[in-house]
Every structure is written in C-alpha cells, then in structure tokens.
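Observations on chain architecture
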Amino acid sequence: RKEVEQDPGPFNVPEGATVAFNCTYSNSASQSFFWYRQDCRKEPKLLMSVYSSGNEDGRFTAQLNRASQYISLLIRDSKLSDSATYLCVGAGNEKLTFGTGTRLTIIP
Amino acid sequence: ETGVTQSPTHLIKTRGQQVTLRCSSQSGHNTVSWYQQALGQGPQFIFQYYREEENGRGNFPPRFSGLQFPNYSSELNVNALELDDSALYLCASSWGSSGRGTGELFFGEGSRLTVL
C-alpha cells in the first residue's frame, strides 16, 4: 500500500463549481501534511498547509483528520486557472512523501 | 521563479550509460533534495543533502549517488542507466529538511531524462 494515496482523476468540473479532493495516508512517520500544485510540465509548488483545525486561504480549504488518516482539499468557485494536478504530501523523516496527484480540469 | 536552477533541461541517454544532473539551490538555502517523477506519478524521494552530507535516502539503489558542494549546489549521478530511469528529476532546496516544518520545498523545473 502506498504511503499517501489519492484518486488520480481526472476531475472535469465546470467553472464556478465546488470540487473536493481526498487523500489517505498510512505512514505514521508523516508528521505534517501539505497540498502542492503542479501545472502541466512544470515543477510542484506549495499550495497550502493542512491542519487538524482546518486551514482556509481564499477559495481553498484544507482539513486533516488524524484519527481517520484522511486529508481533504476543497476549492470553491473554481476558476479556469485552477486547472492543474494537486498533490497530497506528508512530511517526516527528512523527506516529503507525495501522492500520485489528482488531475483537475476546469471547463468553461 | 523559485531561484532553483537545474541543468540540463532535457537529455537522452542509452541503457548502461552514466548521467550527471546539476542543481543550484536558492540563495540562503542549505539543504538540497532530489526527487524522481515518472510520468503520471508523484515525485519520489531519492535523497537529501545537508552540509555536504547525505541526510536521508529513499528506496533507490546505490547506482543513484549525489554530492553537495560548499556553495550548497548539488549533483545527482546515475550509473548503469536502465529504461525505467526515464523520468523528470527534480531538485528542491530548502532551509533545513522539509523547510524546517513548513513543508515548503522550492523546486527547480527539472531535468527530463529519456533512456533508450
């Protein structure tokens, strides 16, 4: 079983819709969690951190449930520029562990 | 732009050859990590260098080796290339491992290696 698992998609969502991604993790060595965004043929970039208390940044909300080992990302009022691959990431033991990524396409 | 530069951007090698990839870290960062990203997959941790010493290694064979120089730049060397080594190799710099808990690594645009 992979340490970080997420649905690879693709998710094709109309502009303005709300979309939710989920991720599960199995490695207890991961102490903190993040969402990264990767545009096509570009490098990954940190989108936001994930906390048990929730983390909101504009249209983006991330949540961590340590009991269920579950991480989520919610995007409200989606924009065309949100089209990208979203990577669920655990951090621990000097490294980041990435999920496969979920590909999102926002349709006009 | 992150300030992390990698070279070459693209290269083609044949099976059995050796390759060296280079990375210049962002100014002020002392830690460099290397990741391998196969097509359709997330990046996989190869190893990390801190103060010129290997500071953590993923599940990669010894033919993957690296160096970090006093100016914190780094090299990734792969010997005896195999077809499955074809991937995007990403270098990431940070201040401390995992960005000292921030989780923010600054990635370069990568070196795309094709092994024929």
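Let me begin by describing the structure that accompanies this report. (Residues numbered from 1 in each chain as written. Chains lettered and ligands numbered in written order. Predicted model: local features only at pLDDT ≥ 70, side-chain atom pairs only at ≥ 80, totals over all residues. Heavy atoms only, no water.)

Time to look at the overall build of chain B. A tally of regular secondary structure across chain B gives 0 helices and 11 strands. Starting at the N terminus, the α and β elements of chain B follow one another as β-β-β-β-β-β-β-β-β-β-β. Here the C-alpha atoms of chain B give a radius of gyration of 13 Å, agreeing with the 13 Å that 2.2 N^0.38 yields for 116 residues. If one aligns the C-alpha atoms of chain B with their principal axes, the spans along those axes are about 40 × 25 × 25 Å. Of the contacts formed within chain B by residues at least 6 apart in sequence, a portion of 55% connects residues at least 24 apart. (Helix = DSSP H or I, 4+ residues; strand = E, 2+ residues; numbered from the N terminus. Rg over C-alpha atoms; globule rule 2.2 N^0.38 Å. Contact = heavy atoms within 4.5 Å.)

A few words now on unusual backbone geometry. A cis geometry characterises the amide bond from Gly-9 of chain A onward to Pro-10 of chain A, with omega recorded as 10 degrees. Inspection of the secondary structure puts Pro-10 of chain A in the loop between strand S1 (4-6) and strand S2 (11-14). With omega at -10 degrees, the peptide bond leading from Ser-7 of chain B into Pro-8 of chain B counts as cis. By secondary structure assignment, the location of Pro-8 of chain B is in the loop between strand S1 (5-7) and strand S2 (10-13). Backbone geometry at Glu-52 of chain B places phi at a positive 70 degrees, although glycine is not the residue there. With respect to the helices and strands, the residue Glu-52 of chain B is situated in the loop between strand S5 (44-50) and strand S6 (53-57). Residue Glu-52 of chain B is classed as partly exposed on the basis of its relative accessible area of 42%. With phi around 75 degrees, Tyr-72 of chain B is a residue other than glycine that occupies positive phi space. Looking at the element boundaries, Tyr-72 of chain B is found in the loop between strand S7 (64-68) and strand S8 (74-78). Tyr-72 of chain B gets classed as partly exposed once you look at its relative accessible area, which sits at 32%. (Buried < 20%, exposed > 50% of the residue type's maximum accessible area, 1.4 Å probe, protein only.)

So, to be careful, I would describe these as geometric facts and stop short of saying anything about function.
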